[in-house]
Amino acid sequence: GDNVDITTVKKLPKDFKWGAATAAYQVEGAWDEGNRGESVWDHFTHEYPKNVESGDRTIDYSTNGNRACDSYHKYEEDVKMLKLMNAKYYRFSISWSRLFHDGEAKKEDGKWNVNQEGEDYYNALINTLLDNEIIPFVTLYHWDLPYALHEKYGGWLDYHSQYDFANYAEYCFETFGDRVKNWITINEPWVNCVSGYRLGPGKAPYRCTGEAPRRLANDTTGLDLEGGCSYEVGPTQYTPESEVLPANRAPQKLEDVWCSHNILLGHAQAVKVYRDKFQKEQKGLIGITIDGEAQIPWVEPGISKKEYENNKKYANLAAEFRIGWYSDPPMTGDYPASVKERMGKDLPEFTKEQKELLKGSSDFLGWNTYTAHWAAQVKNEDGSYVEPPTAEEANFDNSKKDMWDDNCKGRGDGWTCIPPTLGSQAGSSWNTKFAPTIRVGLNWFNDRYKNLIKNGIVITENGCAQPNYKVARANDEVTKKYFESIGQPQYADTYGEEDIEDESNINGTILHDKYRQDWYDQYLKNLRLAYAVDGIDVRGYMAWSLIDNFEWENGYETRFGMTYIDFYKDENLTRHPKDSLEHLGQWYLENVEQN
Ligand code: PNW
């Protein structure tokens, strides 16, 4: 159980991949330097600046990644921060449009049409890391699609995207693969597609194709949601390679589904290129990074065994919907049966060749884990169960399906409704601290895929935004009562010390990020238990994030970093290590086998 004394179980292995993560658009800045092309994030943050939170709208880079951490010039400062946490790896991403202006990589007469300045930058970064004995862990796509491809054919909505992505990937393998041995194709397909093409205006390209922009209802962000959606795309949107769109559904409702389909194929095509042309010689690994909360079956005092068992069943269905939709194809070659059933004809099918391409296409499984969801079957107000629509109904009775969707706050949650969130509230609405989630999720993957995962699971992101102390604390009390009531007080982790984020006091509490240190301690403890007690093949952990950065639609006020930057007042963007950075450095020495 969770009460195991962590010092009595075996340590993580010597070659454990230990490090921290960032992403290009969130840290690089220099958006129009070095001949870089525009990405969808440049384009849409510029077009709709009010879709991004800002602490000071008089500063024009406060709502976009124009300057960010300026890591394009200051990457050597970032490397110094990595050393403080004893990082052996650095997970960063490559900006596709920094290398290929219009997104189209072509090789003619043995020469790529690359932007040389972009290539020089990544060579410098990679070489600096290696000089410092830090191994690059490179993400090829972290949401910054070249804008030209969005204009040309609607980006991920069109099947051509998979081939353009694979060509760009091929250039990267050929150019950097002599030194880069760890590749991630796609970061978080669900967030990219659902937040970019359905729930908007959340993430670029700000498509709002759900029933209504969901944040309208309880908007507390002060974002300007009027006019913040981009509906117009290029002439060939939703061109499926072999599928015909179902006639009975408005196509706009399916953008996230088609994005997901094409992005998974893009992953598979890139892996094929790597395996066919480079892997044998370069001897690296390539995989995909999936997001998704582990689903915890809801329990309450006095719950019957039958009801709890039912909740367990629904928790698994929810996990198949939230995670399996994306993790099954690269493992088994197809979507989960339950997702097919639930989506009916709305879900495109992979062809036989595509299934073969997808199957086993991830050498390792990357998982970004932050929080947990509570799963239970949907109930009516009188307490009776709502039955999920059958496949037939899903296809032909949209009202029933929509009713289910409404009850469940969106298709993304599939089979379940989610009771109140537990775990203390960190500094981003969806970001709650419930550390057992990492262990539950690792076990779910392990049970589901067993030996299909050839090179283990790598936690490619985990971390928190510093919360408002009062909010976090209030949720702590609820959490504590809940876990006591079900007789599992060990889960009721609370943090009782005042830790108010105070922007005005750089030397004060903001650098003493107690909440974050505690977060890492708890999640990492669960990771070590998963390895040592449950026998899960977990091979790495990348903390999110090395450095405060552009947190997408939440701007610069939501700080996930272990390094502080005063974005508005400090022109030098000086890196100030928070306590968590060296705290993790220490954790590494104590929990991972040393030579
Ligand atoms: C990840 N959710 O995004 C991304 O990979 C990072 O770029 C990002 O900065 C980080 O986590 C923190 O947000 C997520 O709603 C966005 O559950 C949303 C969710 C999860 C992860």
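Use the structure listed above.
In this text the structure is predicted, and so the values were computed from the model without any measurement.

Student: Could you give an account of the pattern of salt bridges, naming the residues involved and the relevant values?
Tutor: The full count for this structure, using the stated rule, is 27 salt bridges. Note that Asp 334 and Lys 355 form a salt bridge whose closest N and O atoms lie 3.6 Å from each other. One end of the pair, Asp 334, is in the loop between α10 (305-332) and α11 (337-343); the other, Lys 355, is in helix α12 (residues 352-358), and 21 residues separate them in sequence. Asp 334 sits in the buried class, given a relative accessible area of 13%. Among the ionic pairs, Arg 439 bridges to Asp 534, the shortest N-O distance being 2.8 Å. With Arg 439 in helix α15 (residues 436-449) and Asp 534 in the loop between α17 (514-532) and β15 (538-544), this residue pair connects regions lying 95 residues apart in the sequence. A single network of salt bridges, built from pairs that share partners, joins Asp 291, Glu 293 and Arg 322.

Student: Outline the packing of helix α5 (residues 116-131) against helix α7 (residues 160-176), supporting the account with residue identities and numerical values.
Tutor: Relative orientation of the contacting elements α5 and α7 amounts to 50 degrees, with a least axis distance of 12 Å. The orientation of α5 relative to α7 falls into the category oblique. Between α5 and α7 lies a crossing of right-handed hand. Two secondary-structure elements touch here, α5 through Glu 119, Tyr 122, Asn 123 and Ile 126 and α7 through Tyr 171, Thr 175 and Phe 176.

Student: Describe in detail the state of the cysteines, supporting the description with residues and values.
Tutor: Counted by the stated rule, this structure contains 1 disulfide. The residue that forms a disulfide with Cys 193 is Cys 259, at a sulfur-sulfur distance of 2.1 Å. Looking down the S-S bond of the Cys 193 and Cys 259 bridge, the torsion is -65 degrees, so its handedness is left-handed. Of this pair, Cys 193 sits in helix α8 (residues 189-197) while Cys 259 sits in helix α9 (residues 255-282), placing them 66 residues apart in sequence. Each member of the pair, Cys 193 as well as Cys 259, carries the same accessibility label: buried. The thiol of Cys 464 is not disulfide-bonded; the next cysteine sulfur, from Cys 69, is found 17 Å away.

Student: Describe the layout of surface pockets, with residues and values.
Tutor: Quantified by volume, the second largest pocket comes out at close to 600 Å³. Residue lining of the second largest pocket: 25 residues in total, with Gln 295, Ile 296, Pro 297, Tyr 308 and Val 440 positioned closest to the centre. Elements that contribute at least two residues to the lining of the second largest pocket include exactly β8 (294-297), α10 and α15. No other element matches α15, which puts 6 residues into the lining of the second largest pocket.

Student: A description of empty space enclosed by the protein should follow, citing residues and the corresponding values.
Tutor: Counted under the stated rule, the structure contains 4 cavities of 30 Å³ or more. Taken as a whole, the largest cavity holds about 70 Å³ of empty space. Residue lining of the largest cavity: 13 residues in total, with Val 27, Tyr 90, Phe 92, Tyr 121 and Leu 125 positioned closest to the centre. Those elements that provide at least two residues to the lining of the largest cavity are α1 (24-27), α3 (71-84), β2 (89-93) and α5.

Student: Go over the packing of aromatic side chains, please, and point to the residues and values.
Tutor: Inspection of the entire model under this criterion finds 52 aromatic pairs. Summarising the aromatic geometry, the rings of Trp 18 and Trp 587 are spaced 5.6 Å apart at their centres and angled 15 degrees between planes, so their arrangement reads as stacked. Remark: Trp 587 occurs in helix α18 (residues 579-591) and Trp 18 occurs in strand β1 (residues 17-21); sequence separation between them is 569 residues. Given the relative accessible area of 0%, Trp 18 is considered buried. A centroid spacing of 4.7 Å and a plane angle of 55 degrees characterise the contact between Phe 173 and Tyr 274, whose relative ring orientation is tilted. Taken as a pair, Phe 173 in helix α7 and Tyr 274 in helix α9 lie far apart in primary sequence, 101 residues in all. For Phe 173, a relative accessible area of 0% gives the class buried. By relative accessible area, which is 0% here, Tyr 274 ends up buried. Over the ring of Trp 190 we find Arg 322; its NZ or CZ atom is 3.5 Å from the centre of that ring. The lysine or arginine in question, Lys 433, covers the ring of Tyr 515, its NZ or CZ lying 4.5 Å from the ring centre.

Analysis parameters
- Residues numbered from 1 in each chain as written.
- Predicted model: local features only at pLDDT ≥ 70, side-chain atom pairs only at ≥ 80, totals over all residues.
- Heavy atoms only, no water.
- Salt bridge = Lys/Arg side-chain N within 4 Å of Asp/Glu carboxyl O.
- Helix = DSSP H or I, 4+ residues; strand = E, 2+ residues; numbered from the N terminus.
- Buried < 20%, exposed > 50% of the residue type's maximum accessible area, 1.4 Å probe, protein only.
- Axes fitted to C-alpha atoms, helices over the stretch in contact; angles between N-to-C directions.
- Parallel < 35°, antiparallel > 145°, perpendicular 65-115°, else oblique.
- Left-handed = near helix turned anticlockwise from the far one by under 90°.
- Contact = heavy atoms within 4.5 Å.
- Disulfide = S-S within 2.5 Å.
- 1 Å grid on protein atoms, 1.4 Å probe; cavity = no way out; pocket = protein on both sides within 12 Å on 5 of 7 lines; lining within 4 Å.
- Points joined across faces, edges and corners; volume = space filled by probe spheres on them.
- Phe/Tyr/Trp six-rings, centres within 6.5 Å; stacked < 30°, edge-to-face > 60°.
- Lys NZ or Arg CZ within 6 Å of the ring centre and 35° of its normal.

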